[in-house]
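Structure assessment
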There are 2 protein chains.
Amino acid sequence: MAEKNRVIGFDMGGTKMLAVVLDEKYEPCGQAKVRTPVGAGNKETLEAIVSLIHEALDEADAKTKQLAAIGIAVPGPIDREAGRVISMPNVDMQDYALRDKLEEAIGVPVVLENDVNAGTYGEFVAGAAKDAENVIGVFPGTGVGGGIIIDGTLYRGRTGSAGEVGHMIVDAGGWRCGCGKYGCLEAVASKTAIAKDLVHLAMKGQSPTVLEKAGTDIAKIKSKLIRQAMEAGEKPVVEVVERAAWYLGVGLGSLVDIFDPDLVIVGGGLVEKLGDLYLKPVEKSMRAHSMIDSDVGLVAASLGDDSVIVGSAALAWREQE
Amino acid sequence: MAEKNRVIGFDMGGTKMLAVVLDEKYEPCGQAKVRTPVGAGNKETLEAIVSLIHEALDEADAKTKQLAAIGIAVPGPIDREAGRVISMPNVDMQDYALRDKLEEAIGVPVVLENDVNAGTYGEFVAGAAKDAENVIGVFPGTGVGGGIIIDGTLYRGRTGSAGEVGHMIVDAGGWRCGCGKYGCLEAVASKTAIAKDLVHLAMKGQSPTVLEKAGTDIAKIKSKLIRQAMEAGEKPVVEVVERAAWYLGVGLGSLVDIFDPDLVIVGGGLVEKLGDLYLKPVEKSMRAHSMIDSDVGLVAASLGDDSVIVGSAALAWREQE
């Protein structure tokens, strides 16, 4: 019998799907990528996943029987115990027993995880949080995702939904959040919160860069464009970003007081594209808004998109041990 | 050699000190109580603690050599690893190696703990949270204390300060908190936050009950008086209390989204004195402010002041095992 010395990390994104074959040290051996099928439905999307996995195995010159497990990270809520996808924005799969169907198709144990949990765990296994025990991971982007590691284990809570730090309320009665509550961290500190203000600035003639590149369309505001407007010296844009960073620091300061963690990691598009322009005011605000006299580290996630691959693979593999 | 079948739980309060001898089932066998010495300093306060412990042992008809451990709960920050008291409001002890001094004096292992952590743990061992694994305990009073139990273990974090849920910011830029931040849960939902509004109401002639019993002195507002004013049908008082309860629910809803716990327990003077007048609006707000579609329980702590005794004793005993 062949040794089980390979694992697959699978990142199911709204625009692309990525499958990577990894070795015991979570080093990549081969990968395959494809555009996420549009309007495909459950069965056809499953078929696309299966063939992408076989393609990645070919690229890695590996056999199915070498696989210890497949970890699959999805951008939406799951029923972890049942191995079911509940729904995913931009992916045509819903209320589907993905774990069992995929196990049936490939013959290898499959573990489903939420992508933010997987990303936090990936940073813990091989990235910025490598030597920490208690870690808060926060990923401001379209929303604000979060993952919690306690005593070296991903903390999931009673129903598997723990870590929704984006929906802690930091400004009761403040801006409406997509979740229906008011003043959630996500509503005041996400890229979307920034984008709302930037299209307003564009409309008022206060950000020529935004107006030129995105017009007044909120869907066209990307992190890179935010950086360009800041670098063009557009002060109202800098103020909007720093205000969002201040709010993120309010939330992180509260999380520090609640968890007293070893490390806080912040990742996602805003962090990757804006760097210190964003992280410095976040850190300043986090320290101002924590009561604990703490020198807890705040660091940028270091693996980028790979964190989800490594994390989903590691969670799947460790579950077989 | 005698069997170690007794443990002492010690509650060091700002007005009284209580020592209770407990058996293996954490049932009380005997106790002793004394007014906390005023202006006594470290050494004299230690002497009072030692003689209270001996008195409790006499009451329980127990010998020192039967003691497995002494758990001592203090109302302030500690350096747990060093066994040091840092400071305590209303107790004349500061920057003092209480653990080692007390071990020396009695010859029994001593474990120091913060009183809110001990209270939460007591409810977990023998009270309202008995069958839960992941528990958030919140105790609104003069401040808002919190304790966190994860996988059946008291969660302490990196420096031992975890669980400061009272200083999560729920209303960024809101009322000033005693900690110097703005809009902490404690600043908007504690008994003190209610008391600030009640003396204002009294001064404006909108709460005859408060004016009669406490005048306009914030220090005289007790939970029992708040209940009396509510029962007298003073609508502005009801509104102030329900506003504080709403804010507490904002914080609890966020904690539910973050921790996805089995159970939330709420205790302390406001809960004990106001009961459902307070708990019902708290629960309604908690459910409105949680994104997780959760039927997580919200229950009142059931042990009252005993929770600190049982919790400090259990933490001390289990640490010897």
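1. As for the overall build of chain A
Secondary structure summary: chain A contains 11 helices and 12 strands in total. Here the C-alpha radius of gyration of chain A, 20 Å, is about what a compact globule of 321 residues would show, namely 20 Å. With respect to the principal axes defined by its C-alpha atoms, chain A has extents near 65 × 45 × 35 Å. The 321 residues of chain A split such that 53% are buried. Residue pairs at least 24 apart in sequence account for 62% of intrachain contacts in chain A once pairs closer than 6 positions are excluded.

2. Overview of the pairing of strand β3 (residues 28-35) of chain B
Residue and element names in this part refer to chain B. Of the pairings in the sheet, the one linking strand β2 (residues 16-22) to β3 comprises seven bridges and is antiparallel in character. Its bridge partner lying in β3, Lys16 is registered against Arg35. Taking the residues between adjacent antiparallel strands as the criterion, β2 and β3 are bridged by five residues, where Tyr26 takes a positive phi near 60 degrees.

3. Concerning the interface of chain B and chain A
Each side of the interface is counted separately: chain B has 34 residues, and chain A has 34 residues. Broken down by element, the residue count for the side of chain B that touches chain A peaks at seven residues, all from helix α8 (residues 235-259) of chain B. Among the residues forming the side of chain B that touches chain A, the class breakdown is 17 nonpolar, 10 polar and seven charged.

4. Digging into the packing of α8(B) against helix α10 (residues 276-288) of chain B
The angle between the axes and the distance between the axes are what describe a pair of packed helices. Residues and elements named next belong to chain B. Across the interface, α8 lies against α10 with an axial gap of 7 Å and an inter-helix angle of 40 degrees. With respect to α10, the axis of α8 lies oblique. At the point where α8 passes α10, the crossing takes the right-handed sense. Residues Val241, Glu242, Ala245, Trp246, Leu248, Gly249, Val250, Leu252, Gly253 and Val256 of α8 lie in contact with α10, whose contacting residues are Tyr278, Pro281, Val282, Lys284, Ser285, Met286 and Ala288. Looking at the contact of α8 with α10, its residues break down into 12 nonpolar, three polar and two charged.

5. Some words on the sheet that holds strand β1 (residues 6-12) of chain A
All names here are of chain A. Taken in spatial order, the five strands of this open sheet run β3-β2-β1-β4-β7, and their pairing is mixed. Of all the strands in the sheet, the pair left with one neighbour each is β3 (28-35) and β7 (110-114). Between one strand axis and the next, the sheet turns through 15 degrees on average, direction left out of account. Together, β4 (67-74) and β7 form the strand contacts of helix α2 (residues 98-106), whose direction differs from that of β7 by roughly 145 degrees. Running over the sheet, helix α11 (residues 306-320) touches β1, β2 (16-22), β4 and β7 and is turned about 130 degrees from β4.

6. Quick notes on the relation of the copies chain B and chain A
When chain B is fitted to chain A, the residual RMSD is 0.0 Å, and the transformation amounts to a turn of 180 degrees plus an axial shift of 0.0 Å. What the rotation and shift describe, once combined, is the action of a two-fold rotation axis. Interface overlap between copies: 100% of the residues of chain B at the interface are likewise at the interface in chain A, consistent with a symmetric, same-surface contact.

7. Details of the pairing of strand β1 (residues 6-12) of chain B
All names here are of chain B. Within β1, seven of the seven residues are buried, leaving the element largely enclosed by the surrounding structure. Burial along β1 is two-sided: the residues Arg6, Ile8, Phe10 and Met12 and Val7, Gly9 and Asp11 are all buried. For β1 and β2, the ladder comprises six bridges, and the chain directions are antiparallel. Residue pairing in the sheet places Ile8 in a bridge with Val21 of β2. Linking two consecutive strands that pair antiparallel, namely β1 and β2, is a turn of three residues.

8. Some remarks on the packing of helix α5 (residues 191-203) of chain A against helix α8 (residues 235-259) of chain A
Residue and element names in this part refer to chain A. At a closest axis distance of 10 Å, the pairing of α5 and α8 adopts a crossing angle of 160 degrees. Compared by their axis directions, α5 and α8 come out roughly antiparallel. In this structure, α5 crosses over α8, and the sense of that crossing is right-handed. In this structure, α5 uses Ala193, Ile194, Asp197, Leu198 and Leu201 to contact α8, whose residues at the interface are Pro236, Val237, Val240, Val241 and Ala244. Partitioned by chemical class, the residues of the contact of α5 with α8 number nine nonpolar, no polar and one charged.

9. Thoughts on the nonpolar core
Core analysis: the largest hydrophobic core is formed by 228 residues, its most contacted members being A:Ile8, A:Ile70, A:Leu198, B:Ile8, B:Ile70 and B:Leu198. Each residue touching B:Leu198, except ones within four places of it in the same chain, is listed here: B:Ser207, B:Val210, B:Ile221, B:Ile226, B:Val237 and B:Val240.

10. Re unusual backbone geometry
Note: most residues except glycine have negative phi, and most peptide bonds are trans. Residue and element names in this part refer to chain A. With a phi close to 60 degrees, Tyr26 is a non-glycine residue in the positive phi region. Tracing the backbone shows Tyr26 in the loop between β2 and β3. Take Tyr26: there are 19 C-beta atoms within 10 Å of it, and that puts it in the partly exposed class. Notably, Asp151 is not glycine yet its phi reads approximately 50 degrees, a positive angle.

11. Some words on the domain arrangement of chain A
Residue and element names in this part refer to chain A. As assigned here, chain A comprises domain 1 (6-120 + 306-320) and domain 2 (131-300). The straight-line distance from the C-alpha centre of domain 1 to that of domain 2 is 28 Å. Listing elements by their share of the side of domain 1 that touches domain 2, those giving two or more residues are α3 (115-126) and α11. Looking at the side of domain 1 that touches domain 2, its residues break down into two nonpolar, four polar and one charged.

12. Brief notes about the sheet that holds strand β9 (residues 144-150) of chain B
Residues and elements named next belong to chain B. Read across the open sheet, the five strands follow the order β10-β9-β8-β11-β12; overall the sheet is mixed. Looking along the sheet, the strands with just one partner apiece sit at the ends: β10 (153-154) and β12 (297-300). The strands that helix α3 (residues 115-126) touches are β8 (135-140), β9, β10 and β11 (263-266); relative to β9, the one it contacts most, it runs at about 50 degrees. Sheet strands in contact with α8 are β8 and β11, and its direction is about 165 degrees off that of β8.

13. Looking at the environment of B:Ala193
Residue and element names in this part refer to chain B. Mapped onto the elements of the fold, Ala193 is located in helix α5 (residues 191-203). In this structure Ala193 comes out as buried when scored by C-beta crowding, with 24 C-beta atoms within 10 Å. Separated by 16 residues in sequence, Ala193 and Cys177 have C-alpha atoms that sit 9.3 Å apart. When near neighbours in sequence (up to four residues on either side) are disregarded, Ala193 contacts Ala187, Val188 and Ala244.

14. Description of α3(A)
All names here are of chain A. The terminal C-alpha atoms of α3, which comprises 12 residues, lie 16 Å apart, in line with the 16 Å expected from a rise of 1.5 Å per residue. Among the 12 residues in α3, 11 count as buried, and that is most of the element. Regarding α3, the residues found buried are Asp115, Val116, Asn117, Ala118, Gly119, Thr120, Tyr121, Gly122, Glu123, Phe124 and Ala126.

15. Considerations on the confidence of the model for chain A
In this model, chain A carries an average pLDDT of 94, and 99% of its residues clear a pLDDT of 70 or more. The ipTM assigned to the predicted complex is 0.88, against a pTM of 0.91.

Each value, and the rule that gives it
Residues numbered from 1 in each chain as written. Chains lettered and ligands numbered in written order. Predicted model: local features only at pLDDT ≥ 70, side-chain atom pairs only at ≥ 80, totals over all residues. Helix = DSSP H or I, 4+ residues; strand = E, 2+ residues; numbered from the N terminus. Rg over C-alpha atoms; globule rule 2.2 N^0.38 Å. Buried ≥ 20, exposed ≤ 12 C-beta atoms within 10 Å, placed from the backbone. Contact = placed C-beta atoms within 7 Å. Pairing = 2+ DSSP bridges. Nonpolar A, V, L, I, M, F, W, Y, C, P; charged D, E, K, R; others polar. Axes fitted to C-alpha atoms, helices over the stretch in contact; angles between N-to-C directions. Parallel < 35°, antiparallel > 145°, perpendicular 65-115°, else oblique. Left-handed = near helix turned anticlockwise from the far one by under 90°. Least-squares fit on C-alpha atoms with pLDDT ≥ 70 in both. Core = buried A, V, L, I, M, F, W, Y, C linked by C-beta atoms within 7 Å. Domains from an automatic or database assignment. Expected span 1.5 Å × (residues − 1). pLDDT = per-residue confidence, 0-100.

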